[in-house]
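# Working through the structure, step by step
Here are the chains, one letter per residue:
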Amino acid sequence: MNEPETPSPEPGGEDLLAADLREELGDDLESVSSAGGDLTLRVRRDALAAVCAGLKERHGFTYLVDLCGVDFPHREPRFEVVYHLYSFTANRRVRLRVATDAAVPVPSVSRVWRAAHGLEREVWDLFGVRFDGHPDLTRILLWEGFEGHPLRKDFPVAGIATGAARKTP
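For an α-helix, the turn length of 3.6 residues means that residues three or four places apart are oriented alike. With twelve residues, helix α3 (residues 116–127) ought to run about 16 Å at 1.5 Å a step, and its terminal C-alpha atoms sit 16 Å apart, in line with that. Of all twelve residues in α3, nine are buried, a share of seventy percent or more. All buried positions along α3 are accounted for by A116, L119, E120, R121, V123, W124, D125, L126 and F127. Buried-residue contacts for α3 involve β3 (63–71), β4 (79–87), β6 (106–107) and β7 (131–132). Immediately downstream of α3, the backbone of G128 shows phi near 85°, a positive value.

In structure tokens:
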């Protein structure tokens, strides 16, 4: 399904931020699309931390709204990590998408935004996506020793036997 086209701020031209980012990021930027005035940037995995630092420092995206995982089990690479950023000065949102699989870690952005610390742990816990350079990549919602990652599409709907079920007297 194609995303709807949004009128650009410049008559007959490309969104100014998109044009700046295309020039600034070059090959690190895989694609740019726009929906409802919000840009979605596909970024190369190995350039993610540098791209995020640039968006924060040079473009004012100081607020990491959310970071989440998405599982596409029939696609290679299987996972995406999605970052939702906001600039208070520009009153603008940007979405970053990075493709990966369970074997290849995504660079941590916890040094760029402290809010990423817990969110990256959550994506690791529920999807099994690793974050390279994260200071404490341990489970945050499930207990250590839990087998699997429950938000993967191949995780059994009925769950798994963990031995943690509560016994009634």
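Our next topic: the sheet that holds β3. If you trace the five strands from one edge of the open sheet to the other, you get β1-β2-β5-β4-β3, paired in mixed fashion. If you trace the sheet from one side to the other, it starts and ends with β1 (29–35) and β3, each paired once. Within the sheet, the average angular offset between the axes of one strand and its neighbour, ignoring direction, is 20°. Each of β3 and β4 touches α3; the most contacted strand, β3, lies at about 10° to it.

Scanning all chains against the criterion turns up eleven salt bridges. With a shortest N-O distance of 3.1 Å, R93 and D38 are connected by a salt bridge. Pair noted here: R93 is in strand β5 (residues 92–100) and D38 is in strand β2 (residues 38–43), with a separation of 55 residues, a long-range link. For R93, a relative accessible area of 46% puts it in the partly exposed group. In this structure, the salt-bridge partner of R42 is E80, at a minimum N-O distance of 2.6 Å. Here R42 is found in strand β2, whereas its partner E80 is found in strand β4, with 38 residues between them in sequence. A residue is classified by how much of its surface remains accessible, and R42, at 26% relative accessible area, is partly exposed.

In this section: the nonpolar core. In terms of nonpolar packing, the biggest core is built from 36 residues, with L41, L67, Y83, L96 and V109 touching the most fellow members. For this core, the elements supplying multiple residues, two or more each, are α1 (16–25), β1, β2, α2 (48–57), β3, β4, β5 and α3. Those residues within four positions of V109 in sequence are excluded, and the remaining contacts are L48, A49, C52, L67, Y83, A116 and E120.

Now for the pairing of β5. Inspection of the sheet shows β2 paired to β5 by four bridges, in the parallel sense. Across the sheet, residue T40 finds its bridge partner in β5, namely R95. Relative to β5, β4 runs antiparallel, the two sharing nine bridges. Each bridged residue has a counterpart across the sheet, and for V81 the counterpart in β5 is V98. What sits between the antiparallel neighbours β4 and β5 is a turn of four residues, in which N91 has the positive phi angle 50°.

Turning to the packing of aromatic side chains, a few remarks are in order. Overall, the coordinates contain five aromatic pairs when judged by the stated rule. Ring geometry for F79 and F127: centres 6.5 Å apart, planes at 75°, overall edge-to-face. Taken together, the residues F79 in strand β4 and F127 in helix α3 connect sequence positions 48 residues apart. Judged by relative accessible area, F127 falls into the buried class, the value being 8%. Taking 5.1 Å as the distance between ring centres and 90° as the angle between the ring planes, the aromatic pair formed by W143 and F146 counts as edge-to-face. According to the relative accessible area criterion, W143 is partly exposed, its value standing at 44%. Taken together, the aromatic side chains of Y63, Y86 and F88 make up a single cluster linked through ring pairs.

What counts and what doesn't
Residues numbered from 1 in each chain as written. Predicted model: local features only at pLDDT ≥ 70, side-chain atom pairs only at ≥ 80, totals over all residues. Heavy atoms only, no water. Helix = DSSP H or I, 4+ residues; strand = E, 2+ residues; numbered from the N terminus. Expected span 1.5 Å × (residues − 1). Buried < 20%, exposed > 50% of the residue type's maximum accessible area, 1.4 Å probe, protein only. Contact = heavy atoms within 4.5 Å. Pairing = 2+ DSSP bridges. Axes fitted to C-alpha atoms, helices over the stretch in contact; angles between N-to-C directions. Salt bridge = Lys/Arg side-chain N within 4 Å of Asp/Glu carboxyl O. Core = buried A, V, L, I, M, F, W, Y, C linked by side-chain atoms within 4.5 Å. Phe/Tyr/Trp six-rings, centres within 6.5 Å; stacked < 30°, edge-to-face > 60°.

In short, the description is geometric, and any link to function would need to be established separately.
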